[in-house]
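Report on the structure
This is what each chain is made of:
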Amino acid sequence: MKVLIFLSWSWIAFVLIYGCITQNLIFVSPGWDYDFSVPYAELFSNLEITLSLSCLAISYTSYISIAFLIYKQKTIMSCVQSRKNEIMILLQSTLVTGYITAMIFVWHQALFAMVSFIDMDSKRNQGILNCCLMFHCYVNPTMTILCNK
């Protein structure tokens, strides 16, 4: 398990460092985009999607496992009828995972045809997506506060 974690972190570090060295990203008003004139930029775009979606899947699976373990422990310890904690954990993880996954799909429309109805050539839509990308840092803490009063 430790070897797998080490390899995962090594791969993420490689992608980040190599991407910074080759300058795969350029500023395109009102946000950032891949510079596809640079070698391997398309590869790194695909690697970003793969890493993002796999991390989201692992995270969501972990949340489901935590909720299941809490449910199992409560069942063993007592006959508590309230399942509020488990429901709140699942609600929080589902909303956070759904929000971030939707942003990834919209950001990479060329690969996901299901969101092609959103016009990403519009500066307004690009600005809205960039605001959503900035807000995504606050989604998990906000949901934690709302779900776990």
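Residue positions are given per chain, counted from 1 along the sequence in the order it is written. Whole-chain, interface and lining totals are the exception, using all residues; otherwise, since this is a predicted model, local features are given only for residues with pLDDT of at least 70 and side-chain atom pairs are given and counted only at 80 or more. Derived side-chain values reflect all non-hydrogen atoms in the structure, with water molecules and hydrogen atoms excluded from consideration.

As annotated in an unreviewed UniProt entry, the chain carries the name 7TM GPCR serpentine receptor class x (Srx) domain-containing protein and comes from Caenorhabditis nigoni.

1. Observations regarding helix α4 (residues 123-147)
Filter applied, for reference: Under the scheme used here, helices are H or I runs from DSSP no shorter than 4 residues and strands are E runs no shorter than 2 residues, and both carry numbers assigned from the N terminus. For a helix, the expected span equals 1.5 Å multiplied by the number of residues minus one. Note on bend: the value at a residue is the angle between axes fitted to the seven residues ending there and to the seven starting there. Summary of the burial criterion: residues with accessible area below 20% of their type's maximum are buried, those above 50% are exposed, and those between are partly exposed, where the area comes from a 1.4 Å probe applied to protein chains only.
When the terminal C-alpha atoms of α4 are compared, their 35 Å separation across 25 residues agrees well with the 36 Å that a helix rising 1.5 Å per residue should span. Its axis deflected by about 40 degrees at His136, α4 carries its strongest bend there. Along α4, the residues that are buried comprise Asn125, Gln126, Leu129, Asn130, Val139, Met143 and Cys147.

2. Some thoughts on the packing of helix α3 (residues 84-107) against α4
Rules: Axis lines are fitted to C-alpha atoms, over the contacting stretch for helices. Their N-to-C directions set the angle, which ranges from 0 to 180 degrees. Roughly parallel means an angle under 35 degrees; roughly antiparallel, over 145; roughly perpendicular, 65 to 115; everything else is oblique. Working rule for contacts: check all heavy atoms of both residues, and any pair within 4.5 Å makes them a contact. Only Asp, Glu, Lys and Arg are considered charged in this grouping, and only Ala, Val, Leu, Ile, Met, Phe, Trp, Tyr, Cys and Pro are considered nonpolar; every other residue, Gly among them, is considered polar.
Interhelical geometry of α3 versus α4 gives an angle of 175 degrees and a closest axis separation of 9 Å. Relative to α4, α3 is oriented roughly antiparallel. Across the interface between the two elements, Met88, Leu91, Gln92, Leu95, Val96, Tyr99, Ile100, Met103, Val106 and Trp107 from α3 touch Leu129, Asn130, Cys132, Leu133, Phe135, His136, Val139, Asn140, Met143, Thr144 and Cys147 from α4. In terms of residue class, the contact of α3 with α4 is made up of 16 nonpolar, five polar and no charged.

3. A short note on helix α1 (residues 2-22)
With 21 residues, α1 should reach 30 Å at 1.5 Å per residue; the first-to-last C-alpha distance of 30 Å fits that figure. Looking one or two places after α1, you find Gln23, whose phi comes out positive at around 55 degrees.

4. Thoughts on the environment of Ile12
Among the secondary structure elements, Ile12 is positioned in helix α1. Note on Ile12: relative accessible area 31%, which makes it partly exposed. Taking the C-alpha atoms as reference, Ile12 lies 19 Å from Tyr60; in sequence the two are 48 residues apart.

5. Some details on the UniProt feature "transmembrane region" (unreviewed entry) in the chain
The condition that has to hold: UniProt positions are given in the numbering used here, feature names are shortened, and annotations may be inferred rather than shown by experiment.
Under the UniProt annotation, the feature "transmembrane region" (unreviewed entry) is placed at residues 43-71, 87-107 and 127-147. In residues 87-107, the share of helix is 100% and the share of strand is 0%. The end C-alpha atoms are 30 Å apart. Across residues 127-147, the secondary structure splits into 100% helix and 0% strand, with the terminal C-alpha atoms separated by 29 Å.

6. Let's talk about the nonpolar core
This is how the line gets drawn: In this description, a nonpolar core means a group of buried Ala, Val, Leu, Ile, Met, Phe, Trp, Tyr and Cys residues linked to one another through side-chain atoms lying within 4.5 Å.
Ile49, Met103, Phe105, Val106, Phe112, Val115, Met120 and Leu129 form the largest nonpolar core, which has eight residues in total. Among the nonpolar cores identified, the runner-up in size contains seven residues, and Leu56, Ile104, Met143 and Cys147 belong to it.

7. Topic: a nonpolar patch on the surface
Defined as follows: Within this analysis, patches are made of residues with over 30% relative accessible area and no salt bridge. Like charges are joined at 9 Å or less; nonpolar side chains (Val, Leu, Ile, Met, Phe, Trp, Tyr) at 5 Å or less. Accessible surface is estimated by sampling points in the Shrake-Rupley manner with a 1.4 Å probe; for residues, cover comes only from the protein chains shown. By salt bridge we mean one thing: a side-chain nitrogen of Lys or Arg within 4 Å of a carboxyl oxygen of Asp or Glu.
On the surface, Met1, Leu4, Ile5, Trp9 and Ile12 cluster together into a nonpolar patch covering about 590 Å² of accessible area. Its location among the elements puts Met1 in the segment before α1. Classification of Met1 by relative accessible area gives exposed; the value is 74%.

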